[in-house]
Amino acid sequence: MMRTIHPLNALQRVGGIATLALALLLFVGPQDANAQRWLQTTQVIAPVQSETPTRALLDTLINVIDRSDSLAIKRAPDDPSRTAVSQLEDELLNQEGIGLSSANYVFIDYRFEVNRDGFEERITDLFFIYRPPGTGEEDIPIMYLSARDAWVDDVLRNKGTTLVTNEAALKPFGDQIAFAKIVRERDARIVEIGDRTVRDGFEAKKRNLVDKITRLSYSSR
């Protein structure tokens, strides 16, 4: 059965719908121009060896720390508070017999995002450890740094190593340890994807992530 609506009633109904739509728009608010389309996090462990970007990065961080009297840092990510560098160095020396420069591995946390501005990759955390040779011994935490701290971000963005062929050209550390480059290192391993520990059987997922980040990294340049 077809119902007939009087023109006046129709106008009133349309007006009511328009009012409701306007109210919903005001409630929701304008859409963020940088609305997130894709987000992923991952963690990589890489060796800190001579003549590698991670070794040069650690040496530079220690140099910056040594020149400052005010910096306080954490020894591990789950430490509740920061410690003065001198106190941390004394603790490492007295308890473990090692120093800040003894780190031989670093955990690097990355955050990847695709929004309306394109692809963004960000290093969020650096956690240096000493891993005793052989098996059966636990890792010794040495130094945890958040790249949200201005001085750490400055080191990643504005400090680095020079090219052999052109000493005036600087290769920033942030570029040298970018995800697509660091995972190509022989001993670097992906250990977490989206806060999930990578175990056996994750090889396909790891390859897919590496391929996707590599494509996004180079296509955004």
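Computed from a predicted structure; not experimentally measured.

A. Local environment of the side chain of glutamate 113. One can find glutamate 113 in strand β4 (residues 105–115). There is a polar contact of 2.7 Å between the side chain of glutamate 113 and the side chain of arginine 111. A polar contact is formed between the side chain of glutamate 113 and the side chain of asparagine 115, at a distance of 3.4 Å.

B. Here's a closer look at the packing of aromatic side chains. The final tally for this structure, using the stated rule, is 5 aromatic pairs. Note on phenylalanine 107 and phenylalanine 127: the rings are 6.0 Å apart at their centroids and 25 degrees apart in plane angle, and the pair reads as stacked. On the criterion of sequence distance, the pair formed by phenylalanine 107 in strand β4 and phenylalanine 127 in strand β5 (residues 118–130) is long-range, its members being 20 residues apart. Phenylalanine 127 shares its class with phenylalanine 107; the two are buried. Measuring from centroid to centroid gives 5.2 Å for phenylalanine 112 and phenylalanine 179, while their planes differ by 70 degrees, and the two rings are edge-to-face.

Conventions used here
- Throughout, residues of each chain are indexed from 1 in the direction in which the sequence is written.
- Only residues with pLDDT of at least 70 are given local features in this predicted model, and only at 80 or more are side-chain atom pairs given and counted; all residues enter the totals for whole chains, interfaces and linings.
- Here the side-chain values reflect all heavy atoms present in the structure, with hydrogen atoms and water set aside.
- A run of H or I in DSSP becomes a helix once it reaches four residues, and a run of E becomes a strand once it reaches two; helices and strands are each numbered from the N terminus.
- Nitrogen and oxygen atoms within 3.5 Å of one another constitute a polar contact, given that in protein one can donate a hydrogen and the other can accept it, and given that sequence-neighbouring residues count only through two side-chain atoms.
- Note on ring pairs: Phe, Tyr and Trp rings are taken, using the six-membered ring of Trp, and paired if centres are within 6.5 Å. Classes follow the plane angle, with under 30 degrees stacked, over 60 edge-to-face and the rest tilted.
- Buried, partly exposed and exposed residues are distinguished by accessible area as a fraction of the type maximum, computed with a 1.4 Å probe on protein chains only: under 20%, between the cut-offs, and over 50%, respectively.

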